[in-house]
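Chain and residue survey
Below, each chain spelled out in residue letters.
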Amino acid sequence: MAELLSKINNPNDLKKLGKGDLAALAGEIREQIITTVSRTGGHLASNLGVVELTIALYYALDLDKDKVVWDVGHLIYTHKLLTGRVEAFKTLRQYKGLSGFPKKEESPYDLLTSGHSSTAPSTTLGIVCARDLMKTKEKVVAVIGDASLMGGMAFEALNNIGHLQKNVIVVLNDNEMGISKSVGALSNYLNRIITAQMYNRFKKDVEFLLKKVPAIGGKMVQLGKRIEESLKSLLVPGMLFEELGFRYIGPIDGHNLPVMIDTFQKILKLNGKPILVHVLTKKGKGYKFAEKKPWKFHSTPPFNIKTGDSTQIDKLTYTGVFGETLCELARENRKIIAISAGMPHGTGLDKFSTEFPERFFDTGISEQHAVGFAAGLTLKEFQPVVAIYSTFLQRAYDQIFHEICLQKAPVILAIDRAGIVGEDGPTHHGLFDFAYLRSLPGIAVSSPKDGEELKGMLKTALASKRPMAIRYPRDFIPEGKLSAEMKPIPIGKGEILRQGKAGLILSIGSMVYPSLEAAEDLAGEGINVEVINARFVKPLDESLIVEAVKRNKNVLIVEEHSFIGGFGSAVLELLGGQNEEGIKVSRLAMPDKFIEAGKREKILELYGLTGTGIARKFKECLNR
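Let me sum up the structure you'll find in this document. (Residues numbered from 1 in each chain as written. Predicted model: local features only at pLDDT ≥ 70, side-chain atom pairs only at ≥ 80, totals over all residues. Heavy atoms only, no water.)

**Digging into the overall build of the protein chain**
- On a plain count of helices and strands, the protein chain comes out with 25 helices and 17 strands.
- Here the protein chain, with 624 residues, has 55% of them falling under the buried criterion.
- Long-range pairs, those at least 24 residues apart, make up 76% of the contacts in the protein chain between residues at least 6 apart in sequence. (Helix = DSSP H or I, 4+ residues; strand = E, 2+ residues; numbered from the N terminus. Buried < 20%, exposed > 50% of the residue type's maximum accessible area, 1.4 Å probe, protein only. Contact = heavy atoms within 4.5 Å.)

Here it is, written out as structure tokens:
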């Protein structure tokens with residue numbers, strides 16, 4: 001039983017526990033996280049790594065007034081358990097349940113609804129400047145991981161924080177570096193000195209007195225600073241942050257509660273320049289399978305606690321087909337380069353990275369750089385394939401415009417997690433890529449209906465020598481065998497899948513098979529409809545679509561994308577210039593709002609993007 005955890009209704013309840021109870025509390029929290037995530041899926045390894053960090057930080061702060069901004073937000077499970085959500089935690093990442101990320105509507109302790117990386121330092125600085133303008137005294141802390149710190153936005157913010165010299169605390173959660181006993185001991189000793197109020201007051205007093213010494217006082221102060229900096233460069237890896245204008249503290253053991261609590265309590269008493277606290281944690285801490293394979297448990301489906309094995313049905317996914325196909329093509333084409341922005345496993349490039357290590361590049365969490373880097377490769381006639389989730393590719397929009405489309409650089413964008421991604425929710429759904437890509441000149445934008453088409457589109461893209469995007473869902477490929485043959489698909493060419501005279505269902509990508517299912521259901525009621533798989537949202541197969549619309553008059557356009565700016569908008573733009581009488585066009589897509597979290601199939605059903613829903617919508621159109 002979680003006896004200690006049940007006593008925590010808000011973070012300040014931590015102070016009612018003895019410090020000796022906190023290690024036991026950490027154990028209860030880990031057990032709760034492992035048990036829940038084994039049932040719901042979620043971000044396990046990183047959350048297990050920050051249990052003590054969260055407890056220590058919240059023990060030192062007064063969260064009735066102090067503020068904490070978690071970067072990305074995927075490691076806030078302990079935060080949720082310490083902020084009054086123990087009973088609701090079993091609903092984690094479920095439809096209408098707790099979000100797997102911070103959510104403003106869920107708790108006053110969730111300052112922001114977030115899910116993208118490298119944003120916390122910027123937001124934190126905004127909060128701090130607002131605090132100072134209002135002349136209040138609360139402490140503001142940003143917690144950011146070592147991978148997220150590599151994002152350009154984070155460095156821009158750190159530079160600005162250092163320039164403004166605001167009283168802000170940045171906690172760097174470093175879960176990649178091992179803890180060296182020698183460095184750790186020296187660092188802890190140095191930290192105890194430099195966080196002590198007496199030391200800092202003494203340092204200021206000495207500097208003040210030395211400056212009063214004629215001729216040499218200022219030089220002695222500068223010499224002292226150089227000696228201090230030299231010691232730090234030898235003892236701690238913090239000179240980069242010192243140069244940015246931060247006072248660097250660390251590295252400290254992120255699983256040593258007494259040391260962390262003592263460090264945070266002392267830091268909170270310091271004022272003046274910004275402080276960066278470097279905390280070393282271990283991903284998967286306390287669960288042996290996650291410790292051994294943290295990448296596997298970064299974002300995991302439900303699993304068996306005893307074995308660590310996934311309980312998800314093992315079926316072929318679009319991601320898997322993409323990864324296998326790219327390897328197959330790369331064996332014959334030495335110019336193919338694969339690029340990931342920190343997600344080689346999630347995008348299916350892990351096998352490519354093993355088989356062709358010299359032709360694989362992981363840029364880390366830096367989508368802008370990944371796309372710009374790919375464009376540079378094309379100048380030497382390499383063929384880069386950049387695999388990025390739809391929601392994260394948004395961050396590289398300017399590079400797609402400037403480095404790819406404007407230059408006509410033949411970069412292939414493999415857009416994974418397009419459409420509804422499920423339990424990760426509104427920050428991760430990929431519902432805007434058609435809209436933000438098709439407005440750019442020169443790029444072809446496609447979406448395969450199944451694994452066969454994905455293979456063919458990838459082969460087509462490599463042969464086209466032009467910019468091309470291929471978007472596909474986080475889903476299993478439709479049932480059926482996947483042949484070894486790769487059939488190129490002419491760019492801008494759709495296909496008629498079913499003949500009919502009662503109307504037309506015009507669909508693309510993941511909605512093609514549900515549209516065929518709807519057509520079967522309608523045929524059972526004596527309504528025979530034509531079904532077209534458009535394949536491309538840009539360029540459209542204009543002649544195919546226009547002729548089909550003229551034949552049928554009643555048209556339903558279906559897509560797994562936002563209602564605004566997507567495939568339906570493209571077709572309406574085309575039909576707007578046709579001046580054809582009697583055409584009735586209806587659309588079925590995601591509404592103009594941020595879509596909630598829930599299992600993919602649940603969300604699609606909720607918004608009518610299933611065979612049954614499409615058939616129902618088509619009948620409504622006929623009766624309109």
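**Quick notes on the sheet that holds strand β14 (residues 530-533)**
- Strand order in this open sheet of five strands is β12-β14-β13-β16-β17, and the pairing throughout is mixed. This sheet does not close on itself; its edge strands, each paired only once, are β12 (495-498) and β17 (584-590). Going from strand to strand, the sheet's axes swing by 25° on average, the running direction of each strand aside.
- Here strand β13 (residues 504-507) pairs with strand β16 (residues 554-562) via four bridges, running parallel. Pairing of I505 across the sheet is with L556, part of β16.
- The sheet strands contacting helix α23 (residues 567-575) are β13, β16 and β17, and the helix crosses β16 at an angle near 140°. (Pairing = 2+ DSSP bridges. Axes fitted to C-alpha atoms, helices over the stretch in contact; angles between N-to-C directions.)

**Observations concerning the environment of G41**
- Among the structural elements, G41 can be located in the loop between α1 (22-40) and α2 (45-49).
- The class for G41 is buried, based on a relative accessible area of 0%.
- Along the chain, G41 and F303 lie 262 residues apart, while their C-alpha atoms are 7.4 Å from each other.
- Leaving out residues up to four positions away in the same chain, G41 has contacts with R93, T300, P301 and P302.

**Notes on the nonpolar core**
- Counting 58 residues, the largest nonpolar core has L25, I33, L44 and I55 as its most contacted members.
- If sequence neighbours within four positions are ignored, L25 has contacts with L4, L5, L14, L17, I55 and L82. (Core = buried A, V, L, I, M, F, W, Y, C linked by side-chain atoms within 4.5 Å.)

**Observations concerning the packing of aromatic side chains**
- Applying the stated criterion across every chain yields a total of 13 aromatic pairs.
- Their ring planes at 90° and their centres at 5.9 Å tell us that Y287 and F297 sit as a pair that is edge-to-face. Remark: F297 occurs in the loop between α13 (288-292) and α14 (318-332) and Y287 occurs in the loop between β5 (275-280) and α13; sequence separation between them is ten residues. With respect to burial, Y287 and F297 carry one shared label: buried.
- One aromatic cluster in this structure is built from Y287, F289, F297 and F303.
- The ring centre of F382 lies 4.2 Å from the NZ or CZ of K335, which sits over that ring.
- In this arrangement the basic side chain of R471 is found over the ring face of F434, its NZ or CZ atom lying 4.3 Å from the centre. (Phe/Tyr/Trp six-rings, centres within 6.5 Å; stacked < 30°, edge-to-face > 60°. Lys NZ or Arg CZ within 6 Å of the ring centre and 35° of its normal.)

**Quick word on unusual backbone geometry**
- Note that the residue after G250, namely P251, is joined by a cis bond; omega there is 0°.
- Of note, P251 is situated in strand β4 (residues 247-253).
- Backbone torsion omega between K538 and P539 reads -10°, so that peptide bond is classified as cis.
- Even without glycine at this site, S118 takes up a positive phi of about 70°.
- By the secondary structure assignment, S118 is in the loop between α4 (77-81) and α5 (120-134).
- A residue is classified by how much of its surface remains accessible, and S118, at 0% relative accessible area, is buried.
- We note that E381 has phi near 65°; this positive angle belongs to a residue other than glycine.
- Checked against the element boundaries, E381 lands in the loop between α16 (367-378) and β8 (383-389).
- With relative accessibility at 64%, the residue E381 sits in the exposed group.

**A closer look at the pairing of strand β11 (residues 468-471)**
- In β11, alternate side chains face the same way, and those of M468 and I470 on one face and A469 and R471 on the other are all buried.
- Bridge count for strand β9 (residues 412-416) against β11 is four bridges, and the pairing is parallel. Across the sheet, residue I415 finds its bridge partner in β11, namely R471.
- Across three bridges, the pairing between strand β10 (residues 444-446) and β11 is parallel. Bridged to A444 within β11 is M468.
- At this point the chain moves from β10, through helix α20 (residues 451-464), to the parallel β11, and the crossover so formed is right-handed. (Right-handed = clockwise from strand over helix to strand, strands pointing away.)

**Topic: the environment of F246**
- Mapped onto the secondary structure, F246 falls in the loop between α11 (239-243) and β4.
- We classify F246 as buried; its relative accessible area is 0%.
- Leave out the neighbours within four places in its chain, and F246 touches L158, I161, G162, V170, F241, K273, P274, I275 and L276.

**Digging into the pattern of salt bridges**
- The tally for this structure, following the rule as stated, stands at 29 salt bridges.
- Taking the shortest distance from any N to any O, the salt bridge between K16 and D13 comes out at 3.1 Å.
- Residue K16 is classed as exposed on the basis of its relative accessible area, which comes to 69%.
- One salt bridge in this structure joins E520 and R498, with 2.9 Å as the shortest N-O distance. In this pair, E520 sits in helix α21 (residues 512-523) while R498 sits in strand β12, placing the two residues 22 residues apart along the sequence.
- With a relative accessible area of 19%, R498 lands in the buried category.
- One salt-bridge network, in which partners are shared between bridges, spans K449, D450, E453, E495 and R535. (Salt bridge = Lys/Arg side-chain N within 4 Å of Asp/Glu carboxyl O.)

**Thoughts on the packing of helix α22 (residues 542-552) against α23**
- Between α22 and α23, the shortest axis-to-axis distance is 11 Å and the interhelical angle comes to 75°. Relative to α23, α22 is oriented roughly perpendicular. Taken together, the residues of α23 that come into contact with α22 (itself represented by E542, I545, V546 and V549) are V571, L574 and L575. (Parallel < 35°, antiparallel > 145°, perpendicular 65-115°, else oblique.)

**Thoughts on the packing of α21 against helix α25 (residues 611-623)**
- It is the contact of α21 with α25, at a shortest axis distance of 7 Å, that shows an interaxial angle of 60°. Relative to α25, the element α21 is oriented oblique. Once α21 is placed against α25, the crossing between them reads as right-handed. Facing P514, S515, E517, A518, D521 and L522 of α21, the residues of α25 in contact are G611, T612, I614, A615, F618 and K619.
- Broken down by class, the residue content of the contact of α21 with α25 amounts to six nonpolar, three polar and three charged. (Left-handed = near helix turned anticlockwise from the far one by under 90°. Nonpolar A, V, L, I, M, F, W, Y, C, P; charged D, E, K, R; others polar.)

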